[in-house]
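Notes for the structure review
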Amino acid sequence: MATVELKNMSKVFEGGVKAVDNSTLTINDKEFVVLVGPSGCGKTTTLRMVAGLEDITSGELYIDGNKMNDVPPKDRDIAMVFQNYALYPHMTVYENMSFGLKIRKYPKEEIQTRVHEAAQILNIEELLNRKPRALSGGQRQRVAVGRAIVRKPKVFLFDEPLSNLDAKLRVQMRAEISSLHTRLQATMLYVTHDQVEAMTMGDRIVVLRDGVTQQIGTPLELYNNPKNRFVAGFIGSPPMNIMTAEVKEKGNKIITDEGDFQIGFTGHSADLLRPYIGKNVLFGIRPEDLVYTVSPEKQNNISTTIEVVEPLGSEIHLYVSTKTHQLIVRVPPRWDFTVGNQANFTPDCNKVKFFDEDTEDAIK
């Protein structure tokens, strides 16, 4: 396998539209890196530049130490799995998987060995004589992955390969692709708009917005220490609650005043907020860090009205409102909640995140 290096890579389309802006990233040998972000953030364009399907406007691309800017796609030793599978409908599964090897004039015996090895890994041996129209969505996706595996490339590229599958099958295929990465010890670059896929599959995640890299890190690094408001709101399901609050000094505490409730802080959090006394900050708290309180105390209490109850079996998602804010809360299924009733919550002050109101960067 190989390392992949993007050095200050940019892509500008006609009309001056900058899809990727000065992207720098190193994907280590055997690493699984996920590019994630909303539609139009530049993740697929980045993948296509690595594949050679889009020209690089500026910057450099290296695969295994070799500059690839002007190397044709067929000579980059990469294999790509597309969102729409891209199977030939008139060919059998065997013919689809072997086609690339035939074009490269591999010996018939080696082609047969590689196809059967890949089919065994993906558990599709009994499908080799079928045509794509006789396959389910999950089976077609396995065939598309198998076609990449037989190539034994230096780098695997995945462009939202699970977006056409139903929810249950996506969970299954997520696990299968992660297991495949472990078995093949392959270098993989994976694109998705689904942050749950990114969190569960990637060794590292690259969060993109409007063509600009926002943060690179492990799933837990991004979840626990988001670099800015965008990452905080994008990573996590349900997303982080973010509110505007005024910072005030009250006795030996620093408080944030959200309008209809106040939260007091001491220690490290207070030290972070002290330079912002008299100013507004963005106050972020994840849904699971709002603790339901049956007998509320006055201190740090958030009184809400329940708007929507979503029971999910192992947990309940509550959509609640204060006089000025809409919040999402994740609670265990121990209590019965009724729409229209009052509910009180206390934030875990050790888990609160603060962001500068102007720059939206994390306050550290």
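Each remark here, short or long, concerns the structure printed above.
In what follows, the accompanying structure is described. (Residues numbered from 1 in each chain as written. Predicted model: local features only at pLDDT ≥ 70, side-chain atom pairs only at ≥ 80, totals over all residues. Heavy atoms only, no water.)

Time to look at the overall build of the chain. The helix and strand tally for the chain stands at 9 helices and 20 strands. Structurally, the chain occupies a C-alpha span of about 80 × 45 × 35 Å along its principal axes. Every one of the 364 residues in the chain was classed for burial, and the buried ones make up 49%. Here the analysis covers contacts within the chain between residues at least 6 apart in sequence; of these, 66% occur between residues at least 24 apart. (Helix = DSSP H or I, 4+ residues; strand = E, 2+ residues; numbered from the N terminus. Buried < 20%, exposed > 50% of the residue type's maximum accessible area, 1.4 Å probe, protein only. Contact = heavy atoms within 4.5 Å.)

Look at helix H4 (residues 137-149): 18 Å from first C-alpha to last across 13 residues, which is about the 18 Å you get at 1.5 Å a residue. Burial within H4 is extensive, with 10 of its 13 residues counted as buried. What H4 keeps buried is the set Gly 138, Gln 141, Arg 142, Val 143, Ala 144, Val 145, Gly 146, Arg 147, Ala 148 and Ile 149. Turning to H4, the residues buried within the fold contact strand E6 (78-81), helix H2 (93-103), helix H3 (108-122), strand E7 (155-159) and helix H5 (167-184). (Expected span 1.5 Å × (residues − 1).)

With respect to topology, 5 strands assemble into an open sheet ordered E15-E19-E16-E17-E18, the strand pairing being antiparallel. Pairing within the sheet leaves two strands with one partner each, and these edge strands are strand E15 (290-293) and strand E18 (326-331). The sheet shows a mean angle of 45° between the axes of neighbouring strands, direction not considered. Bridging between E15 and strand E19 (residues 342-347) involves 4 bridges; their strand directions are antiparallel. Opposite Thr 293, over in E19, you have Asn 344 as the bridge partner. (Pairing = 2+ DSSP bridges. Axes fitted to C-alpha atoms, helices over the stretch in contact; angles between N-to-C directions.)

Considered as a void within the structure, the largest pocket measures approximately 570 Å³ in volume. Broken down by secondary-structure element, the contributors of at least two residues to the lining of the largest pocket are E6, H2 and H4. Per element, the largest residue contribution to the lining of the largest pocket is 6 residues, and it comes from H2. Taken together, the residues of the lining of the largest pocket sort by class into 16 nonpolar, 2 polar and 4 charged. Empty space within the second largest pocket amounts to approximately 330 Å³. Together, 18 residues line the second largest pocket, and His 268, Ser 269, Leu 272, Val 352 and Lys 353 are the ones closest to its centre. Looking at the lining of the second largest pocket residue by residue, the classes come out as 9 nonpolar, 7 polar and 2 charged. (1 Å grid on protein atoms, 1.4 Å probe; cavity = no way out; pocket = protein on both sides within 12 Å on 5 of 7 lines; lining within 4 Å. Points joined across faces, edges and corners; volume = space filled by probe spheres on them. Nonpolar A, V, L, I, M, F, W, Y, C, P; charged D, E, K, R; others polar.)

No statement about biological role is implied by the geometric values presented.
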